[in-house]
Amino acid sequence: MSTPNIVELYGVTKAFGALTVLHDIDLTIQQGEILTLLGPSGCGKTTLMRIIAGFEATTHGRVTIQGADVSYLPPDKRPVNMVFQRYALFPHLDVFDNVAFGLRLKKWPKERIREAVQHMLHLVQLGEYGNRWIHELSGGQAQRVALARALVNSPSVLLLDEPLAALDLKIRHHMLAELKRIHQETGTTFIYVTHDQDEATILSDRIVLMNKGRIEQIGTPEEMYAHPRSLFCARFLGETNILTGAVRAAETDTTYVDVGPGTVKVPANGAAVAIGQNVSLAIRPEALQVSRLAPGGAGGDGVNALDGVVEDVVFMGSRVVYSIRTSVETIKYQETRSVDGIMLAKGEPVRASWRPDAAVLLTH
Amino acid sequence: MMKGRRREAMGLALVAPSFLFLLVFFIVPAVLLFVCSFWMAQAFKLIPAFTFDNYSRALSASGFYLLTWNALKNGLCTAVLTVGLSFPAAYFIVYRTRGNLLFYLILVSWFSSYLVRIYAWRVILGSNGLINTTLMQLGLISQPLEVLLFSPFATILTLTHIMLPFALLLLVSALRDVKKEYVEAARDLGASNTEVLTRVILPMCYKGLVGAFMFTFVISAGDFVTPQLLGGRDGMTTGILIANQFRTAGNWPFGAAMAFLLLAAFLIVYLGFVRLLDLLRLAPGRRFHD
Ligand SMILES: Nc1ncnc2c1ncn2[C@@H]1O[C@H](COP(=O)(O)OP(=O)(O)OP(=O)(O)O)[C@@H](O)[C@H]1O
Ligand SMILES: [Mg+2]
């Protein structure tokens, strides 16, 4: 009777008074994965996580954990543990007693508690910190204690609500790597809430992109990046160029769209489009090819190409990002800096082109 | 350099007024009173001396023990009742309501004076008072219950009523520091509501708890107005006795000695209470492992 789905949500809806913050969410979380709830502020990520932890009741819908309906179980009876954004470590207890908190409630024998706590403190690399008081810890250390305090209970699912938000950038990257390592060593399922797309793409097996209380798209980071299904998704994950235009012709697997003076050929996305319908195209900055145009030469935009002028050049370490002003839109072009690479200068006339399958057709 | 000095001056300026006030109205009188407790009094005159007579006189009188026991009993009962009643109310106000309406309603009862409230209870508890007339009309009793008024019961009831808003204020602000997050973290780690209370909330608002208890205790145990007006013959306390030494008997040294003995008794209660909380594992800053 073992199911690979450790958590299942069926039609979860949540309203606070007249305000509905989650609309009919269906979601399954698989054993051992890191699933990220990603989305802008206020989209309902924390609420969804609190529903899984048992701090909020659903207005409609069911939650199962390991196949058992937990919709009516209080938080202390659910086999999940949470890492709070501000850690919520108990200030009246030291590090050891914080980590031992859950095991003591379970009435474990003293010896076993000591072993488990020490093991966990070593796992988060705080083996020598058992006697520290909470106010004596740095932000990163407090974060690790919070992680240890939750993980020591061997939860079926570990819930993390923006656990790195309070840390500065450098520690954040280090902690992301740590989280990945700890995930690998424990094999625990992680549900991770963040509004930071970088965190989500670095960490996740799958991303659940949320928007206004609905799931916008679910997929691996690569899928989400390469095949956004909506304008919102294309914009939320990574830099992207959005071109808009009317459909000129639609074939079975190719759609032709008028963009400014030219025509763009793009793979059909399966959705029915009508001739003349306004659609959007998403093209990643690194998917463009840009070449110099001789001054005054070869005017006019061709298929999958836009002519323009370099407006801005920004160095980002190993990458260079150009802004190119075309007749329809200012688009971004990004290339890896190479030793012998050509450098475009501000004001240079250029042509940006792309392969048809580098663009994604978006109808909403 | 300059900056540090200015900062020091600033700090001094901030504490100076309250320190001065304490010095003039508390420390100096207390020291004088302490010195005075070793003096002698003859025919309403104070004679400087160094004698322990006042202390031994108080400690050898069985009445002193009885009245001190009455005072401590008043204080303890009032403190237990007050904290016991205001803690649940504070809990409700902090964790269960969003607004502060209930809080303000309770604080409003502060607006009537201390004496007015004492007399109000006289009216309620008296032989022709609300309780007795109601009980008589219901036919539950035929004679008015005299024990309602002029008894330790009346004293404790009134003192509890007087102290409740103070304790509530202290406990609400202590509980406000125990953010909901801590409660949720404990629940998440498997604690029942009772375990959250004993393992997280009480240790985290320890200072407020000790503060509310001791504040209520000291004021009620030392009070001499309420027991005098409501306590009756059995309700005599050391406080009344001390006040009498100063006001009518004119024996200041004896009064002072008894005041310091009472203070020592308070100190013992304080240490006992703190020890009790520690034994119940409600004190913070303890390690539960080796
Ligand atoms: N207890 C509550 N009562 C009323 N409204 C609430 C409550 N909790 C959350 N909300 C509302 O629900 C919506 C979703 O909140 P939630 O905290 O889930 O957002 P979030 O995605 O976690 O945002 P953030 O990234 O800012 O943390 C918000 O509009 C918020 O105002
Ligand atoms: Mg949130």
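What counts and how
Residues numbered from 1 in each chain as written. Chains lettered and ligands numbered in written order. Predicted model: local features only at pLDDT ≥ 70, side-chain atom pairs only at ≥ 80, totals over all residues. Heavy atoms only, no water. UniProt positions renumbered as here; feature names shortened; annotations may be inferred. Helix = DSSP H or I, 4+ residues; strand = E, 2+ residues; numbered from the N terminus. Axes fitted to C-alpha atoms, helices over the stretch in contact; angles between N-to-C directions. Parallel < 35°, antiparallel > 145°, perpendicular 65-115°, else oblique. Left-handed = near helix turned anticlockwise from the far one by under 90°. Contact = heavy atoms within 4.5 Å. Nonpolar A, V, L, I, M, F, W, Y, C, P; charged D, E, K, R; others polar. Pairing = 2+ DSSP bridges. Domains from an automatic or database assignment. Buried area = accessible area lost by both parts, 1.4 Å probe. Salt bridge = Lys/Arg side-chain N within 4 Å of Asp/Glu carboxyl O. Buried < 20%, exposed > 50% of the residue type's maximum accessible area, 1.4 Å probe, protein only. Near = heavy atom within 4 Å. Polar contact = N/O pair within 3.5 Å; in protein donor to acceptor, adjacent residues only side chain to side chain. Areas by Shrake-Rupley, 256 points an atom, 1.4 Å probe, with all protein chains shown as cover.

## Remarks on the UniProt feature "domain: ABC transporter" (unreviewed entry) in chain A
- Mapped onto the present numbering, the UniProt feature "domain: ABC transporter" (unreviewed entry) falls on residues 7-237 of chain A.
- Secondary structure across residues 7-237 of chain A comprises 36% helix and 27% strand; the distance between its end C-alpha atoms is 25 Å.

## Thoughts on the packing of helix α4 (residues 139-151) of chain A against helix α5 (residues 169-186) of chain A
Residue and element names in this part refer to chain A.
- Where α4 contacts α5, the two axes come as close as 11 Å, and the packing angle between them is 20°. With respect to α5, the axis of α4 lies roughly parallel. In this structure, α4 meets α5 at a crossing whose hand is right-handed. When α4 is examined against α5, the residues Gly-140, Gln-143, Arg-144, Leu-147 and Leu-151 are found in contact with a partner set consisting of Ile-171, His-174, Met-175, Glu-178, Leu-179 and Ile-182.
- Of the residues in the contact of α4 with α5, the class split is six nonpolar, three polar and two charged.

## Regarding the sheet that holds strand β13 (residues 262-267) of chain A
Residues and elements named next belong to chain A.
- Pairing within the open sheet is antiparallel, and its five strands lie in the order β13-β12-β11-β14-β20. Of all the strands in the sheet, the pair left with one neighbour each is β13 and β20 (359-362). Neighbour-to-neighbour, the strand axes of this sheet turn through a mean angle of 45°, independent of strand direction.
- As judged from the four bridges shared by strand β14 (residues 278-283) and β20, these two strands associate in the antiparallel manner. Paired with Ser-280 across the strands is Leu-362, a residue of β20.

## Examining the pairing of strand β11 (residues 241-250) of chain A
All names here are of chain A.
- As defined by bridge partners, β11 adjoins β14 across six bridges and the pair is classed as antiparallel. When the sheet's bridge partners are listed, Gly-245 is paired in β14 with Val-279.
- Where β11 lies against strand β12 (residues 254-259), four bridges are found, and the strand directions are antiparallel. When the sheet's bridge partners are listed, Ala-250 is paired in β12 with Thr-255.

## What to know about the domain arrangement of chain A
Residues and elements named next belong to chain A.
- Split into domains, chain A comes out as domain 1 (5-232) and domain 2 (239-287 + 302-362).
- Centre-to-centre, using C-alpha coordinates, domain 1 lies 38 Å away from domain 2.
- With seven residues of domain 1 in contact, the opposing surface of domain 2 contributes six residues.
- When domain 1 packs against domain 2, the two sides together hide about 560 Å² of surface, and 58% of this comes from carbon and sulfur.
- Counting the contacts that link domain 1 with domain 2 gives zero salt bridges.

## Describing the pattern of salt bridges
- For the structure on display, the rule yields 23 salt bridges over all chains.
- Note that A:Arg50 and B:Glu184 form a salt bridge whose closest N and O atoms lie 2.7 Å from each other. Separated into two different chains, A:Arg50 in helix α1 (residues 45-53) and B:Glu184 in helix α8 (residues 180-188) make up a pair that spans both.
- According to the relative accessible area criterion, B:Glu184 is buried, its value standing at 12%.
- A salt bridge links A:Asp69 to A:Arg62, with the nearest nitrogen and oxygen atoms 3.4 Å apart.
- The structure contains a network of salt bridges with shared partners spanning A:Lys14, A:Arg50, A:Glu56 and B:Glu184.

## So, the UniProt feature "transmembrane region" (unreviewed entry) in chain B
Residues and elements named next belong to chain B.
- Under the feature "transmembrane region" (unreviewed entry), the UniProt entry names residues 12-40, 71-94, 101-120, 153-175, 196-219 and 254-277.
- For residues 12-40, the end-to-end C-alpha separation is 40 Å, with 86% helix and 3% strand making up the annotated structure.
- Strand forms 0% of residues 71-94 and helix 100%; the C-alpha atoms that close the span are 33 Å apart.

## A look at α8(B)
- For α8(B), the buried fraction is high: seven of the nine residues fall into the buried class.
- For α8(B), the full list of buried residues reads B:Tyr182, B:Val183, B:Glu184, B:Ala185, B:Ala186, B:Arg187 and B:Asp188.
- Where α8(B) is buried, its residues touch α1, β6 (80-83), α2 (95-105) and α4 of chain A together with α3 (62-96) and α9 (193-204) of chain B.

## A word on the site of ligand 1
Residues and elements named next belong to chain A.
- Surrounding ligand 1, one finds Phe-16, Val-21, Pro-40, Ser-41, Gly-42, Cys-43, Gly-44, Lys-45, Thr-46, Thr-47, Glu-162 and His-195.
- In this structure, Lys-45 approaches ligand 1 through a side-chain N or O atom, which is 2.8 Å from an oxygen atom.
- Between ligand 1 and Glu-162 there is a distance of 3.3 Å, counted from an oxygen atom to a side-chain nitrogen or oxygen.
- Computed on the free molecule, ligand 1 has an accessible area of 640 Å², of which 63% lies beneath the protein chains in the complex.
- At three residues, the largest contribution of residues to the shell around ligand 1 is made by α1.
- Looking at the shell around ligand 1 residue by residue, the class counts come to four nonpolar, six polar and two charged.

## Topic: the interface of chain B and chain A
- Taken together, the 23 residues of chain B in the interface contact 32 residues of chain A.
- One can count five salt bridges joining chain B with chain A.
- At the surface where chain B touches chain A, the tally comes to 12 residue pairs in polar contact (both at pLDDT 80 or more).
- Sorting the residues of the side of chain B that touches chain A by element identifies α8 and α9 of chain B as the ones contributing at least two each.
- Per element, the largest residue contribution to the side of chain B that touches chain A is seven residues, and it comes from α8(B).
- For the side of chain B that touches chain A, the residue count by class is 10 nonpolar, four polar and nine charged.

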